[in-house]
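# Survey of secondary and tertiary structure
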Amino acid sequence: MNEQEQKTILLVEDEAILGMSESIQLKKYGYDVIHVLSGRKAIDAVSNVKNDVDLILMDINLGHDIDGTETATMILKDHDIPVLFLSSHLEREVVAKTENITSYGYVVKNSGITVLDASIKMAFRLHDSYKIANKQKTEILAKETELKFYEKRYRRLFESAKDGILILDAKNGMILDVNPYLIEMLGYSKEQFLTKKIWDLNASNNVEYSKKMFKELQEKEYVRYTDFPLQTADGKLIYVGFVSNIYLVDNEKVIQCNIRDITERREHEIALNENIDQKEALLREIQHRTKNSFNMITSMIFLRTNATDSEEIKDALEDLNLRVKSISDLYTLLYETNSIYEVQLKTYCDKVIESMLKFSEIITINKNIEEITISTKNAATIGMILVELLSNAIKYAFPETREGEIDIELKKKDNRLKLSVRDNGIGLQKSFDISKTKTLGLHLVYLMVNQLNGEIKYEIDNGTKFLIECDL
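Scope of this entry: the structure provided in the associated data block. This structure is a prediction, so every number in the text was calculated from the model and none was measured. Residue numbering note: each chain is counted from 1, following its sequence as written. Per-residue local features are limited, in this predicted model, to residues with pLDDT of at least 70; the limit for side-chain atom pairs, both in listing and counting, is 80 or more; totals at the level of whole chains, interfaces and linings are taken over all residues. Just so you know, side-chain values use all the structure's heavy atoms and leave hydrogens and water out.

### Examining empty space enclosed by the protein
Cavities and pockets are defined on a 1 Å grid built over the protein atoms alone: a cavity is a set of grid points where a 1.4 Å probe fits but cannot escape, while a pocket is an open set with protein on both sides within 12 Å along at least five of seven lines, and lining residues are those with an atom within 4 Å of any such point. Grid points are joined across faces, edges and corners, and a volume is the space filled by probe spheres set on the points. Under the counting rule described, the total for this entry stands at three cavities of 30 Å³ or more. Reported here for the largest cavity is a volume of approximately 180 Å³. Forming the boundary of the largest cavity are 16 residues, of which I198, S210, M213, F228 and F242 lie nearest the centre. By the criteria applied, helices consist of DSSP H or I runs no shorter than four residues and strands consist of E runs no shorter than two, each listed in order from the N terminus. Where the lining of the largest cavity is concerned, the elements lending two or more residues are helix 10 (207-220), strand 8 (222-231) and strand 9 (237-249). Its boundaries defined by the atoms lining it, the second largest cavity holds a volume of some 40 Å³. In terms of lining residues, the second largest cavity is bounded by D14, G63, H64, K377, N378, T381, Q451, L452 and N453. In terms of residues, the lining of the second largest cavity owes the most to one element, helix 15 (residues 376-396), which gives three residues. Along the lines of polarity and charge, the residues of the lining of the second largest cavity split into one nonpolar, six polar and two charged. The residue classification treats Ala, Val, Leu, Ile, Met, Phe, Trp, Tyr, Cys and Pro as nonpolar and Asp, Glu, Lys and Arg as charged. All others, Gly included, are polar.

Okay, structure coming up:
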């Protein structure tokens, strides 16, 4: 615990509410937490000399800002800080984006604080190990530079290489030398290798094709094959990565072939490709179950609302049901359209508006909504904003059963999303400031607009008008 109390974690999470929750949990486990909402703010936080950051807990998708992988790359150019990616994404292409970054793990969101804490501890241990390894690597590189001047040292590297190496006569393709690793890989003795030409190892037994490839190497003096079949002495087929280049030794051209066995990796890649359909089916099933779970929650809230006599509790439960219903509608739409990452915003907003109509029969809602495709994540946020603004207008803008109208306009212009919600009700107080309001609904609207990296404006004249803009 004493060691943990000395560790400071920079949490990069663009979801304000989620980031607050994660910060609280991490602090309970003894960590100091700095929470920022974007990649650029993370870069500033690390650069601030007042912040002694020991580990970065990085979300991958950071909205319209630079994403987590880009942020990590920029930070690691100047800082040696362990980066642990924390994301809800399980897609292969998203995880693959982190593979070329010096990261210390990938934790799926909602795995639980115990798993996250264990991953953080492991990242610290790995970072300490990397420091030792880097020091050792520097020492080894210095020694290797010295060894390059001597043929004896070259032979040692050749014999101990963990890739197969062939040395060929550049004129006729005859094998001149072979290292022990390739002897073990293919099962021929060194004497057997030295009686062969390079095309004798080709598993296809197509000598003419192999000679054509050799001629290409002679002309280009460098070739690379990523999936090349070879046959072992016992007839087994293996696949290798094959890199060959020509250089001079005592004014004679020779060819060096570096050969790496990729058979196991290739089998894994084939298996992964075969499982894509299964994973997509699983995602659809998860989506279906999520939709049903939301429907169950809204049903339970409805039953609880009918069971209470308290108007205050009824109002609170109805507000909660509206918010849950907006997310439930989104998952229903995703399931119905067989979509995962994007949603048609007009169809979704129509569903949200329709669910609000039942709260007043004397208020008319006029809508002018363009067909806009948007990410699922941002659609959920837009839907919640719309729920809060409509709910606020219906409840407070038209007191004493006053009739009225609410105009909703949603459109895209210059790659910007513009949402306008206007009512002709009694209007807000002149001193109203949304950034300081204590009303939960409008405060949530303010937070969610910030989450979208957008801006919100409002007019108080013959009613109330909210105008929200954000990048698509």
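And the narrative resumes.
### Some words on the sheet that holds strand 14 (residues 404-413)
Judged by pairing direction, the sheet is mixed, and its five strands sit side by side in the order 12-14-15-17-16 without closing on themselves. Every interior strand has two partners, whereas the edge strands, strand 12 (363-369) and strand 16 (455-460), have only one. Each adjacent strand pair in this sheet contributes to an overall mean axis angle of 10°, direction not counted. Here eight bridges tie strand 15 (residues 416-423) to strand 17 (residues 464-471), and the two strands are oriented antiparallel to one another. Following the sheet pairing, V421 is matched in strand 17 by F466. Being paired, for any two strands, means DSSP has found at least two bridges between them. Here the axes come from fitting lines to C-alpha atoms, over the contacting stretch only for helices, and the angles between their N-to-C directions go from 0 to 180 degrees.

### What about the pairing of strand 14?
Across seven bridges, strand 12 lies against strand 14 in parallel orientation. Among the inter-strand pairings, K367 is bridged to a residue of strand 14, identified as I408. Pairing geometry for strand 14 and strand 15, over eight bridges, is antiparallel. When the bridges of strand 15 are listed, L410 appears paired with L419. Following strand 14, the chain reverses through two residues before pairing antiparallel with strand 15; D414 in that reversal takes a positive phi of roughly 55°.

### Describing the packing of helix 14 (residues 345-356) against helix 15
Between two packed helices, the angle of one axis relative to the other and the distance separating the axes together describe the packing. Where helix 14 meets helix 15, the axes come as close as 10 Å, and the angle between the chain directions of the two elements is 30°. When the axes of helix 14 and helix 15 are compared, the pair comes out roughly parallel. Considering how the two elements wind past one another, helix 14 and helix 15 form a crossing that is right-handed. Here helix 14 contributes L345, Y348, C349, V352, I353 and M356 to the contact with helix 15, which in turn contributes A379, A380, I382, G383, L386, V387, L390, S391 and I394. An angle below 35 degrees is treated as roughly parallel, one above 145 as roughly antiparallel, one from 65 to 115 as roughly perpendicular, and anything else as oblique. Rotating anticlockwise by less than a right angle from the far helix to the near helix defines a left-handed crossing, while the corresponding clockwise rotation defines a right-handed one. Two residues form a contact once any of their heavy atoms are found within 4.5 Å.

### Things to note about unusual backbone geometry
The phi angle at E221 is positive, at roughly 65°, despite the residue not being glycine. By the element assignment, E221 lies in the loop between helix 10 and strand 8. Not every positive phi belongs to a glycine, and N462 is a case in point at roughly 55°.

### Looking at the sheet that holds strand 10 (residues 252-261)
If you walk across this open sheet you meet the five strands as 7-6-10-9-8, and the pairing is antiparallel. At either end of the open sheet lies a strand with only one pairing partner, and these are strand 7 (175-178) and strand 8. Sheet twist, expressed as the average angle between the axes of neighbouring strands with direction ignored, equals 30°. The strands touched by helix 10 are strand 6 (164-169), strand 8, strand 9 and strand 10; relative to strand 8, the strand with the most contacts, the crossing angle is about 160°. Against the sheet, helix 11 (residues 263-274) touches strand 8, strand 9 and strand 10, its axis set at about 130° to strand 9.

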